[in-house]
Amino acid sequence: DAKTTQPTSMDCAEGRAANLPCNHSTISGNEYVYWYRQIHSQGPQYIIHGLKNNETNEMASLIITEDRKSSTLILPHATLRDTAVYYCIVRNTGTASKLTFGTGTRLQVTL
Amino acid sequence: ETGVTQTPRHLVMGMTNKKSLKCEQHLGHNAMYWYKQSAKKPLELMFVYSLEERVENNSVPSRFSPECPNSSHLFLHLHTLQPEDSALYLCASSQDSGSTEAFFGQGTRLTVV
């Protein structure tokens, strides 16, 4: 699996967009980018995934650079309930459910 | 509510005790997983079951013994644990082992004394 690099922590004001970066410079052509988050003392929650094109769902948007070496998860209007650890994971879709979590980015949303 | 329920939510056990963690999913999924999350460490995949057969065991010590009696239930039997086994144990399920999304339970917070 390609290794990912994320900042250890970030802050965001409530109501503003939270932009969480992820570097995955060794990603291969058949590997997808997945994002999960883990709110304190709960299990991880799937957010979104993508291969090449930008993706959007009811939770977030995923922007993947053209060379696919990095991506950004965007929470358009962060709320206090979005405070969590966000994990960027790169995996080929055939074994996507056997997830390898790194240390993630701790996002703190503040008033 | 993810459709994956773990019991108990908290467990304290002595090193000589035998206990079991239970996971139940109501999603009709065919694959189930056990993960371990120790303090300040990333989640570690322990076991993978697909269609009730164990398909992966990530070098987990034998004091952890999984059981999958049917596709809806997964157990983790614990015996003679060590204090360093204290952690959050998470169960997850997915439609199958090749699915793109896994659903996690709330976890069992285990403390070994």
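Structure: see above.
Here we summarise the structure given alongside this text.

So, how was this worked out
- Residues numbered from 1 in each chain as written.
- Chains lettered and ligands numbered in written order.
- Predicted model: local features only at pLDDT ≥ 70, side-chain atom pairs only at ≥ 80, totals over all residues.
- Heavy atoms only, no water.
- Core = buried A, V, L, I, M, F, W, Y, C linked by side-chain atoms within 4.5 Å.
- Buried < 20%, exposed > 50% of the residue type's maximum accessible area, 1.4 Å probe, protein only.
- Helix = DSSP H or I, 4+ residues; strand = E, 2+ residues; numbered from the N terminus.
- Contact = heavy atoms within 4.5 Å.
- Salt bridge = Lys/Arg side-chain N within 4 Å of Asp/Glu carboxyl O.
- Disulfide = S-S within 2.5 Å.
- Polar contact = N/O pair within 3.5 Å; in protein donor to acceptor, adjacent residues only side chain to side chain.
- Pairing = 2+ DSSP bridges.
- Phe/Tyr/Trp six-rings, centres within 6.5 Å; stacked < 30°, edge-to-face > 60°.

1. Examining the nonpolar core
Trp34, Phe64, Leu76 and Leu78 of chain B are the most contacted members of the largest nonpolar core, which totals 22 residues. Elements with a contribution of two residues or more to this core: β2 (10-13), β3 (18-25), β4 (31-37), β5 (44-50), β7 (64-70), β8 (73-79), β9 (87-94) and β11 (108-112) of chain B. Beyond its immediate sequence surroundings of up to four residues, Phe64 of chain B is in contact with Met46, Phe47, Leu76, His77, Leu78, Leu81, Asp85 and Tyr89 of chain B. Grouped together as the second largest cluster of nonpolar side chains are 21 residues, Ala18, Ala78, Tyr86 and Val90 of chain A included.

2. A closer look at the pattern of salt bridges
When charged atoms on two side chains of opposite charge get close, those side chains can pair. All names here are of chain A. With the rule as written, the count across this model stands at 3 salt bridges over all chains. The salt bridge partner of Arg37 is Asp82, with a shortest N-O separation of 2.8 Å. Here Arg37 is found in strand β3 (residues 31-38), whereas its partner Asp82 is found in the loop between β7 (70-75) and β8 (84-92), with 45 residues between them in sequence. Neither residue differs from the other here; Arg37 and Asp82 are each classed as buried.

3. Here's the deal with the side chain of His73 of chain B
Residue and element names in this part refer to chain B. With respect to the helices and strands, the residue His73 is situated in strand β8. His73 sits in the buried class, given a relative accessible area of 18%. Leaving out residues up to four positions away in the same chain, His73 has contacts with Lys22, Cys23, Glu24, Met32, Glu67 and Cys68.

4. Some words on the state of the cysteines
Residue and element names in this part refer to chain A. Under the criterion given, the structure shown has 2 disulfides over all chains. Here Cys22 is linked by a disulfide to Cys88, with a sulfur-sulfur distance of 2.1 Å. Taking the torsion about the sulfur-sulfur bond, which here is approximately -80°, the covalent link between Cys22 and Cys88 counts as left-handed. Taken together, the residues Cys22 in strand β2 (residues 18-23) and Cys88 in strand β8 connect sequence positions 66 residues apart.

5. Brief notes about the side chain of Ser71 of chain A
Residue and element names in this part refer to chain A. Here Ser71 lies in strand β7. For Ser71, a relative accessible area of 2% puts it in the buried group. Side-chain polar atoms of Ser71 contact the side chain of His24, separated by 2.9 Å. Apart from residues lying up to four places away in sequence, Ser71 is in contact with Leu20, Pro21, Cys22, His24, Val33, Trp35, Leu62, Ile63, Ile64 and Cys88.

6. Here's the deal with the pairing of β3 of chain A
All names here are of chain A. Here β3 lies mainly inside the structure; 7 of its 8 residues are buried. The pairing of β3 with β8 spans 8 bridges and is antiparallel. Counterpart to Tyr34 in the pairing with β8 is Ile89. Note that β3 and strand β4 (residues 45-50) share 5 bridges and pair antiparallel. Counted as the bridge partner of Tyr36 is Tyr46 from β4. Between β3 and β4, which follow one another and run antiparallel, lie 6 residues, and Ser41 among them has a positive phi close to 65°.

7. Notes on the packing of aromatic side chains
Residue and element names in this part refer to chain A. Under the definition given, this model contains 9 aromatic pairs over all chains. Geometrically, the ring pair formed by Tyr36 and Phe101 is edge-to-face, given 5.9 Å between the ring centres and 75° between the ring planes. Placement of Tyr36 in strand β3 and of Phe101 in the loop between β8 and β9 (105-110) is noted, with a sequence separation of 65 residues between them. Neither Tyr36 nor Phe101 differs from the other in exposure class; each is buried.

8. Brief notes about the pairing of β9 of chain B
All names here are of chain B. Extensive coverage of β9 is indicated by the burial of 8 of its 8 residues. Burial of β9 is two-sided: the residues Ala87, Tyr89, Cys91 and Ser93 facing one way and the residues Leu88, Leu90, Ala92 and Ser94 facing the other way are all buried. Sheet topology places β4 next to β9; 7 bridges connect them, and they run antiparallel. In the sheet register, Lys36 faces β9, and the bridge partner there is Tyr89. Of the pairings in the sheet, the one linking β9 to β11 comprises 3 bridges and is antiparallel in character. For Ala87, the partnering residue across the bridge sits in β11 and is Leu110. In this structure, β9 lies alongside strand β10 (residues 103-104), joined through 2 bridges in antiparallel fashion.

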